[in-house]
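# Observations on chain architecture
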Amino acid sequence: MSAEPDPPNLLGPADVRTLAAGLGLRPAKRLGQNFVVDANTVRRVVRSAALLADDVVLEIGPGLGSLTLALLAAGHRVVAVEIDPVLAGALPSTVAQRAPAHAARLTVVEADALSLADLPGAPPTALVANLPYNVAVPVVLHLLADLPSLERGLVMVQAEVAARMTASPGSRIYGVPTVKTAWWATATRAGAVPRPVFWPVPNVDSALVRLVRREPPVTTATRLEVFAVVDAAFAQRRKSLRAALAGWAGSPAAAEVALRAAGIDPSARGESLDVGAFARLAEHRPAEHRPAVRSSP
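So, a few notes on the structure that sits alongside this text. Because the structure is a prediction, the values reported are computed rather than measured.

## With respect to the side chain of Ser-206
With respect to the secondary-structure elements, Ser-206 resides in strand β9 (residues 206-213). In this structure Ser-206 comes out as buried when scored by relative accessible area, which is 2%. Setting aside residues no more than four positions away along its own chain, Ser-206 makes contact with Tyr-133, Val-157, Gln-158, Ala-159, Ala-192, Val-193 and Phe-198.

## Points about helix α11 (residues 252-261)
Ala-254, Ala-255, Ala-258 and Leu-259 are the residues of α11 that are buried. Buried positions in α11, seen along its axis, are confined to an arc of 135° and lie on one side of it. Turned more than 90 degrees away from the buried face of α11 sit Val-257 and Arg-260, all of them exposed. Lining the buried residues of α11 we find α9 (241-244), α10 (246-249) and α12 (275-283).

## Looking at the pattern of salt bridges
Overall, the coordinates contain 9 salt bridges when judged by the stated rule. For Asp-55, the salt bridge is made with Arg-152, and the minimal N-O distance between the two is 2.7 Å. Placement of Asp-55 in the loop between α2 (39-48) and β2 (56-60) and of Arg-152 in strand β6 (residues 152-158) is noted, with a sequence separation of 97 residues between them. Judged by relative accessible area, Arg-152 falls into the buried class, the value being 19%. Measuring nitrogen to oxygen at the nearest pair gives 2.8 Å for the salt bridge that ties Arg-195 to Asp-205. Of the two residues, Arg-195 is situated in the loop between β7 (185-193) and β8 (198-199) and Asp-205 in the loop between β8 and β9; the sequence distance between them amounts to 10 residues.

## Things to note about the sheet that holds β7
Taking strand neighbours across the sheet as the criterion, the 7 strands line up as β4-β3-β2-β5-β6-β9-β7 in an open arrangement whose pairing is mixed. Looking at the sheet topology across the chains shown, the edges are occupied by β4 (106-110) and β7. Here the average twist between neighbouring strands, direction ignored, is 20°. In this fold α2 packs onto β5 (126-130), β6, β7 and β9, with an angle of close to 155° to the strand it touches most, β7. Packing of helix α5 (residues 136-146) onto the sheet brings it into contact with β2, β5, β6, β7 and β9, and relative to β2 it is tilted by some 150°.

## Structural notes on α5
Because the α-helix completes a turn every 3.6 residues, residues three or four places apart line up on one side. With respect to burial, α5 is a largely interior element, 8 of its 11 residues being buried. For α5, every residue scored as buried is listed here: Ala-136, Val-137, Val-139, Val-140, Leu-141, His-142, Leu-143 and Leu-144.

## Details of the pairing of β9
Where β6 lies against β9, 7 bridges are found, and the strand directions are antiparallel. By the bridge assignment, Leu-154 is partnered in β9 with Arg-210. Across 7 bridges, β7 lies against β9 in antiparallel orientation. When the bridges of β9 are listed, Val-193 appears paired with Ser-206.

## With respect to the nonpolar core
Judged by nonpolar contacts, the single largest core of 64 residues is most densely connected at Leu-58, Ile-60 and Leu-245. Residues contacting Leu-58, with those up to four places away along its chain left out, are Val-79, Val-81, Leu-119, Pro-124, Ala-126, Leu-127, Val-128, Leu-143, Leu-147 and Leu-150. Counting 39 residues, the second-largest nonpolar core is a separate cluster that includes Ala-39, Val-78, Ala-99 and Leu-106.

Cut-off values and rules
Residues numbered from 1 in each chain as written. Predicted model: local features only at pLDDT ≥ 70, side-chain atom pairs only at ≥ 80, totals over all residues. Heavy atoms only, no water. Helix = DSSP H or I, 4+ residues; strand = E, 2+ residues; numbered from the N terminus. Buried < 20%, exposed > 50% of the residue type's maximum accessible area, 1.4 Å probe, protein only. Contact = heavy atoms within 4.5 Å. Arc of directions from axis to C-beta. Salt bridge = Lys/Arg side-chain N within 4 Å of Asp/Glu carboxyl O. Pairing = 2+ DSSP bridges. Axes fitted to C-alpha atoms, helices over the stretch in contact; angles between N-to-C directions. Core = buried A, V, L, I, M, F, W, Y, C linked by side-chain atoms within 4.5 Å.

Okay, here's the thing in structure tokens:
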């Protein structure tokens, strides 16, 4: 028995290539442009996102509209942020032609997600996106920091990045992306994505990561102070924390004092600490090495 054809509003391989050709578009490696060409994949992404009926969805890098159309077809409002002016200009027309009944629920913003500060309309509550591999973690961290309305998300990223975002303390791949993501959200792997569903086909595997916002650890340290000790701990990850944090604290001896005050073994390594431990440690940085606090103008 043959499979039912895809609904006409979702994009298949031929549709994606036709749209790209009509725009004179050749996927740009520098922008991480690998477009999803499989309708079943975008349906799966929307299902896995477990969106609520009233969610306003933020999509980063909508490209030619494969995932955008699936999100709109599921009944959601979508704010699509696209850095490429050609793609940003074409997306409303694509949606109007292929899903006219849903076009009013789409807002397209031409912008760089890494500098995104505010958005038109109701604040987005969910992030669903196929993220460029080279900026996936910075984009997620920036959005979680600057858009507090985001409560949950599902992002498609390089499999290696997914592994790092969701690693557990003690793992050899546990590091800066893991801890900084954990400051904002609980991150779990939500499945693999095969290479052939993209055009062009990437030379790396992809995976889905589910994000659920959580409260940051209770601490007197600021986020920037916590992230500073995280960066220092993993800059020399093969060294003990006593040695790796010598510059951060002022000396190995000062680092040991701070570590013991935080209840952490000075011989431990960064990958053994969870985000709460890093927050405790940040509280005990020697005062003379803390960033100066500027007074208000």
